[in-house]
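Reading the structure
Now for the letters of each chain:
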Amino acid sequence: MGKLIVSLSPHAHGNDSVERNMYGVIIALMPALLVSFYFFGLGSVVVTATSVAACVFFEWAISKYILKQQRNTVLDGSAILTGLLLAFNLPSNLPVWIIIIGALFAIGVAKMTFGGLGNNLFNPALVGRAALLVAFPAQMTTWPKVGQLGSYLDAETGATPLAVMKEAIKSGDPMVLNDLPSSLNLFLGNHPDGAGAMGEICALALIIGLIFMLWRKIITWHIPVSIIATVFVCAALLHMANPVYADPVSVILSGGLMLGAIFMATDYVTSPMTPKGQLIYGVAIGLLTVIIRNWGAYPEGMSFAILIMNAFTPLINNYVKPKRFGEVPAKK
Amino acid sequence: MNIKTFSIGGIHPEENKLTHEALTQVAALPKQAIFPLSQHIGAPAVPVVQKGDKVKVGTMIADAGGFVSAPIFSSVSGTVFKVDSAIDATGYRKPAIIINVEGDEWEESIDRSDKLETVKAHPELTPEEIVNRVKIAGVTGMGGAGFPTFIKLTPPPTAKAECVIINAVECEPYITADFRLMMEKADEILVGLELLMIAAKVTTGYIGIETNKPAAIELLTKKCAEAFADTNYHVEVVPLKQRYPQGGEKQLVDAVIQRQVPAPPAIPVNVGAIVQNVGTAYAVYEAVMKHKPLFERYTTVTGKRLLNPGNFLVRMGTPMQDLIDACGGMPEGDNKLLAGGPMMGKALTSTEVPICKGTNSVTILSDDEARRKESQPCIRCAKCVSACPMGLEPYLLAKISEVKNWERAEREDIVSCIECGSCQFTCPAHRPLLDNIRQGKATVMGIIRSRAAKK
């Protein structure tokens, strides 16, 4: 007879794994990735491949030679995911060497410095993007137009919907907003003059990813819904008060809002642990996004809003507790 | 119809009810029976026999060792071999009485007939009489924890019982002993429930059954309608949505009557409920109506690689090896032997551990099922927080227990943990969350006790 194995209960496991979740998010990103190939062609392929390869390489190298981890984390899918999300935040005409610097910041500075997967305070992909935005402001704020399938560095650039909205606010002339694509085109990403970061162009593809992640129980609705709803409500109020602010539907379908709300703010490691905390986090990201978009220096505020709230996540975790079973309301 | 369940957290483990349809067999008598003196929560029982004493089936061999305690009765006839120690479910050698089996001679006071005794025919049964008979028969909770039943029936004066809830949930994977008992002894269970209601001085009773046992729901609903038709009792079978840990006392009360028991030291009767396992209801029937002390029980012997898994009516004290042999022997290779199911069962260090009052199952996990996977860093996915049925934050409790921050652990309500294992079951990183939480909980409870003692 063999040995008797002894351990404490539970002796069953639900067979969920880190890999299942990471690769699940990667699958959820596929519609948006295919759409970005469709709209940005060669440039999009080069940027994605570079970003993913660089992120995976840095993860592997740092894990092996600097942290000397016994279990190399490169296969858990988190580095691939960071690479994809970083690429989604970049213009499709960004030179390879800049992307590599971005990947080094994302994996090296934002993730591995803190001890690797699970320990980072800030979303790695967004740190990569923010670092590039500061270091290469010109390259990071010009966005290629869609439909130039064969071009990469030479792609023609255009104004993003958010730039149009910012222009309307600056000039005080609501007529500027007539340059915006229709809501349907923003939803599908199908606007010939449209421009933007690779992954944010088609809201529909991102929403398909959201539905997939909700179905597979990878994330819950709290963060994406609270962000989108907050931005929508604020935009509606501003639009009613003054027509130089764009209509709420265009606002939520433009820029990185969907990408950020669905894929960036929901990053496990850097978002709060309780549903209540997640709602607070989501609403705060929504408010910060509206403030930065309308009154800040940059047309897009999503990534900064998320990074700012990442910093508040430990505080939220400390103060916001789930409702305990049988909790009796404190007597007044 | 909106099927009820508890309100926070919970998981859906794979059912694996392999022995659902297997009729209960009477297990063979062992050659030697082992009776650990600590089969219940509370003080160990105190031996009242010596080496060489002759005993019969139903002879008391150890008396209650305190108020929270229960006597132990021999399940076999024969000679006391020794009063010594034996390995029990904890893995340690603990005091035990060992009896060599000779024949099968029962105490004459026990009514061995199959005749159904009804409460109507026994007007002498006052609440006090029922509680006393339950007490002297050594009846303890049959669901696993093993709390002496008579104590639950006499709630503290600060609390008032309003209903009895029969726990027939059996939410642990693999186990089917309660289901078989319901299918085979429904009438007796309902008399047992009536006795419990009389003892608790209530007229409302509920039987909570998960919807994966439609046959039991149907049978008991029908029997309830017959048995309680012209009485002033209100008894209802409550179908519950399948979800672990619904069989946890607090979760069951929440599911059935939508009341949440506050944090410890509160117990279900503080919200008006007395919860008894369906096996306990049957044991109460036998103790009160048949004068039969608690010495045998329904136990499932199961495992995916076991040749003939089944349900057994087992004399307590029977070594598990006997039952495993009756099912075709231990599977080849390394196995994990559990007293109980895979969620809350105890892994045993020996196949000679006997069946005790609370052993509802002998579960054998083989191959990959028997081993844990390597743990990875926490990715802070918060799935443990969603799974926790007590509204706690398992990742945090495990972490602060690991760094031995006991003050913080107490502040974060670690003592509310019911050790159901939902967090660890859910954890994608395979972290040993409950191992750490358990250690933290035990330490914090010790600190609380010593603080109370100083006052």
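Residues numbered from 1 in each chain as written. Chains lettered and ligands numbered in written order. Predicted model: local features only at pLDDT ≥ 70, side-chain atom pairs only at ≥ 80, totals over all residues.

Re the overall build of chain B
- The helix and strand inventory of chain B stands at 13 helices and 17 strands.
- Its C-alpha atoms give chain B a radius of gyration of 22 Å, within 12% of the compact-globule value 23 Å for 455 residues.
- For the C-alpha atoms alone, the extent of chain B along its principal axes is close to 65 × 50 × 50 Å.
- Expressed as a percentage of its 455 residues, the buried residues of chain B come to 56%.
- In chain B, the share of contacts with a sequence separation of at least 24, taken over all contacts with a separation of at least 6, comes to 73%. (Helix = DSSP H or I, 4+ residues; strand = E, 2+ residues; numbered from the N terminus. Rg over C-alpha atoms; globule rule 2.2 N^0.38 Å. Buried ≥ 20, exposed ≤ 12 C-beta atoms within 10 Å, placed from the backbone. Contact = placed C-beta atoms within 7 Å.)

Some words on the sheet that holds strand β1 (residues 24-26) of chain B
All names here are of chain B.
- The strand order across the open sheet formed by six strands is β1-β14-β13-β17-β15-β16, and the pairing between neighbours is mixed. Here the strands that pair on one side only, and so sit at the sheet edges, are β1 and β16 (346-347).
- Seen against the sheet, helix α3 (residues 177-184) touches β1, β13 (296-302), β14 (310-315) and β17 (361-366) and runs at an angle of roughly 125° to β13. (Pairing = 2+ DSSP bridges. Axes fitted to C-alpha atoms, helices over the stretch in contact; angles between N-to-C directions.)

A look at the sheet that holds strand β4 (residues 54-55) of chain B
All names here are of chain B.
- The antiparallel open sheet is built from four strands, whose spatial order is β2-β8-β7-β4. With one partner strand each, in any of the chains shown, β2 (32-36) and β4 form the two edges of the open sheet.
- With nine bridges joining them, strand β7 (residues 78-87) and strand β8 (residues 93-101) adopt antiparallel strand pairing. Across the sheet, residue Asp84 finds its bridge partner in β8, namely Ala96.

What about the environment of Val80 of chain B?
Residue and element names in this part refer to chain B.
- Secondary-structure assignment places Val80 in strand β7.
- Judged by the 21 C-beta atoms lying within 10 Å of it, Val80 is buried.
- When the C-alpha positions of Val80 and Val101 are compared, they lie 8.8 Å apart, and in sequence the two are 21 residues distant.
- When sequence neighbours within four positions are dropped, the list of residues in contact with Val80 reads Val49, Gln50, Lys51, Gly52, Asp53, Val55, Ile97 and Ile99.

With respect to the domain arrangement of chain A
Residue and element names in this part refer to chain A.
- Domain boundaries assigned for chain A yield domain 1 (19-139) and domain 2 (161-191 + 202-319).
- Relative placement of domain 1 and domain 2: their C-alpha centres are 22 Å apart.
- Every contact between the two is made by 22 residues of domain 1 and, on the other side, 22 residues of domain 2.
- Of all elements in the fold, only α1 (18-66), α2 (78-88) and α4 (124-135) reach the threshold of two or more residues within the side of domain 1 that touches domain 2.
- With ten residues, α1 is the single largest residue contributor to the side of domain 1 that touches domain 2.
- Among the residues making up the side of domain 1 that touches domain 2, the classes are represented as 15 nonpolar, six polar and one charged. (Domains from an automatic or database assignment. Nonpolar A, V, L, I, M, F, W, Y, C, P; charged D, E, K, R; others polar.)

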